[in-house]
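Fold and geometry: a report
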Amino acid sequence: MRGKGAAQAMKQVLLRIEENVPLAREIWRMRLRGDVSGAERPGQFVNLKLEGCFLRRPISVFDREGDRLTLIYRTVGEGTRKMSSMKPGETIDCLTGLGNGYDLSRAGDHPLLLGGGVGVPPLYWLGKELRARGKEVSAVLGFNSREDVFAEEDFRNIGCQVTVTTADGSYGRKGFVTDALPEGTSYFYACGPEPMLRAVDRTAVTDGEFSLEERMGCGFGACMGCSCRTKDGYKRICREGPVLRKGEIQWEK
Amino acid sequence: MGEVRTADPRLRVNLCGVDMDNPVIPASGTFGYGYEFAELYDINILGTFSFKGTTREPRFGNPTPRIAECPAGMINAVGLQNPGVERVIGEELPKLKEIFHKPVMANVSGFSVAEYAETCALLDREPQVGWLEVNISCPNVHGGGMSFGTDPAQAAAVTRAVKAVTTKPVILKLSPNVTDIAGMARACEEAGADGISLINTLQGMRIDLRTRKPVLANVMGGVSGPCVFPVALRMVWQVCRAVRIPVIGMGGITRAEDVLEMMMAGAAAVEVGAANLTDPLACRKIIEELPRVMDRYGIKNLAELKQ
């Protein structure tokens, strides 16, 4: 259990904001620049120290390119609202290289990305890496409504077969991501709200993996604030996760 | 990483007969077994650290969410998640020996007097253990922990039972959730405690405005962070005037100035908790800043602060 953790090493860095713009309802994109070498793999996250907030805010990485890191986040509470008020030129104290990340070796020839709402962002960097390995990638991106949709073009631009669903049918296909699962895929990578992940767990016909979310204290394995039970014992979502294999997770209740 | 530092003699302190390079001790539950922090700095610069609270049996702890935030602090309801004393001795301590070469503080919790004694006796035999810190103050477990820390007679019973089966200094970690903290400390001292550490977290809670329900699955948790510092300092002051045994001050320490305040209140050493979680380099920064801040206030060495 600790073996996986030993390979990773977090870094504490100061990153400069290059851009911070709204993309959709309550959804913002922040581009950061600096030593982002700690962010090694898709599916990892960063933990941001924001002025006036005691705890850091864990945010998944949308993309990393050279010395640039892109985050897409939802303004759900005080911290992320504060984050959306930050301006280009300001710096953020950032812990990078957190979490295990996705296992690309299991993708097969036709991997499927399943994202729900603010669970979509980490799948973009993953999709890019899978495309770079010559995989045929399908992506089903689920949102509540038309004004919540983002990143559709980004996934198309890297050559993914994209299907967008909205719960109210105001854009794309009406329904949930599980109503639009394509056939013939080899493996899935899912990130989204827990009810969606449970539904994927029930309906997906292939093996796959989930990236999970939890309130965290530290984000790097020290406080045991985000532990979950798995078939292989207890795991810290921030450390042995956030990506867990299908069949490994024991959903509560 | 791996830097060899010459300890500054001005920072030396003694805790229950054991010399330490400096008084800075990461608090139990905020430092795991040190591995994560060792990725960022050489943890041998620390005075020591108090490892994750250990019980006789493995514990998963409370359901999540276990963490909430508050102004200048946080609330946790982890509930003593730990692999149990057997695995701590069999797996964690041998791994720890690779990265930490000083005596470590073993933090122990329990649900009965006998369980405290049994767990402490096992850890007492480990050469790496320098002190036993007996947590009679965890607010997040039911039928144990804090109930021993709110009744002086029970606190004394735990102290006596642990002292009877151990050889190393025994430090009782007290709960602030009492009306007479000095009385609790005196009860432990009279029962044979070698030291006192305080404060554990203060009970608190938050409610989520959207769901109208408590944020923590456990409803209540323990408040820590800078918001509790004045309360902690007051209690450390009171306890230092009530007992003769050494006192470790903790509660909301984030910087060198806080360490000095705690030591001016009478603490022999300090523990740093929540600060490690928001800034993993917090303890290193505090140790590095101490000499400069001491200069500013004309303090030649930390030992002189002890009245």
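Above this text is the structure in question.
Right, let's walk through the structure included here. (Residues numbered from 1 in each chain as written. Chains lettered and ligands numbered in written order. Predicted model: local features only at pLDDT ≥ 70, side-chain atom pairs only at ≥ 80, totals over all residues. Heavy atoms only, no water.)

Brief notes about the nonpolar core
Counting 134 residues, the largest nonpolar core has L15, Y41, I136, L174, I196 and L198 of chain B as the members making the most contacts within it. Both domain 1 (2-98) and domain 2 (104-211) of chain A contribute no fewer than three residues apiece to this core. If sequence neighbours within four positions are ignored, L15 of chain B has contacts with M20, I25, M105, W131, I171, P246, I248, A268 and A269 of chain B. Counting 29 residues, the second largest nonpolar core, distinct from the first, contains F62, L126, V149 and F150 of chain A. (Core = buried A, V, L, I, M, F, W, Y, C linked by side-chain atoms within 4.5 Å. Buried < 20%, exposed > 50% of the residue type's maximum accessible area, 1.4 Å probe, protein only. Domains from an automatic or database assignment. Contact = heavy atoms within 4.5 Å.)

Considerations on the sheet that holds strand β15 (residues 243-245) of chain A
Residue and element names in this part refer to chain A. In spatial order, the strands read β10-β9-β8-β7-β11-β12-β15; together these seven strands make up an open sheet with mixed pairing. This sheet does not close on itself; its edge strands, each paired only once, are β10 (173-174) and β15. Sheet topology places strand β12 (residues 208-211) next to β15; three bridges connect them, and they run antiparallel. Among the inter-strand pairings, S211 is bridged to a residue of β15, identified as V243. Of the strands in this sheet, β7 (111-116), β11 (187-191) and β12 touch helix α5 (residues 194-203), which is tilted by about 165° from β11. (Pairing = 2+ DSSP bridges. Helix = DSSP H or I, 4+ residues; strand = E, 2+ residues; numbered from the N terminus. Axes fitted to C-alpha atoms, helices over the stretch in contact; angles between N-to-C directions.)

Section: the sheet that holds strand β5 (residues 73-76) of chain B
Residues and elements named next belong to chain B. A sheet is described by the order of its strands in space; here four strands give the open sequence β4-β5-β13-β10, paired in antiparallel fashion. Only two strands of the sheet have a single partner each, and these edge strands are β4 (67-70) and β10 (202-204). Strand-to-strand twist of the sheet, defined as the mean angle between neighbouring strand axes without regard to direction, takes the value 35°. Where β5 meets strand β13 (residues 221-224), three bridges bridge the pair, whose relative direction is antiparallel. Directly across from N76, in β13, lies its bridge partner G222.

So, to be careful, I would describe these as geometric facts and stop short of saying anything about function.
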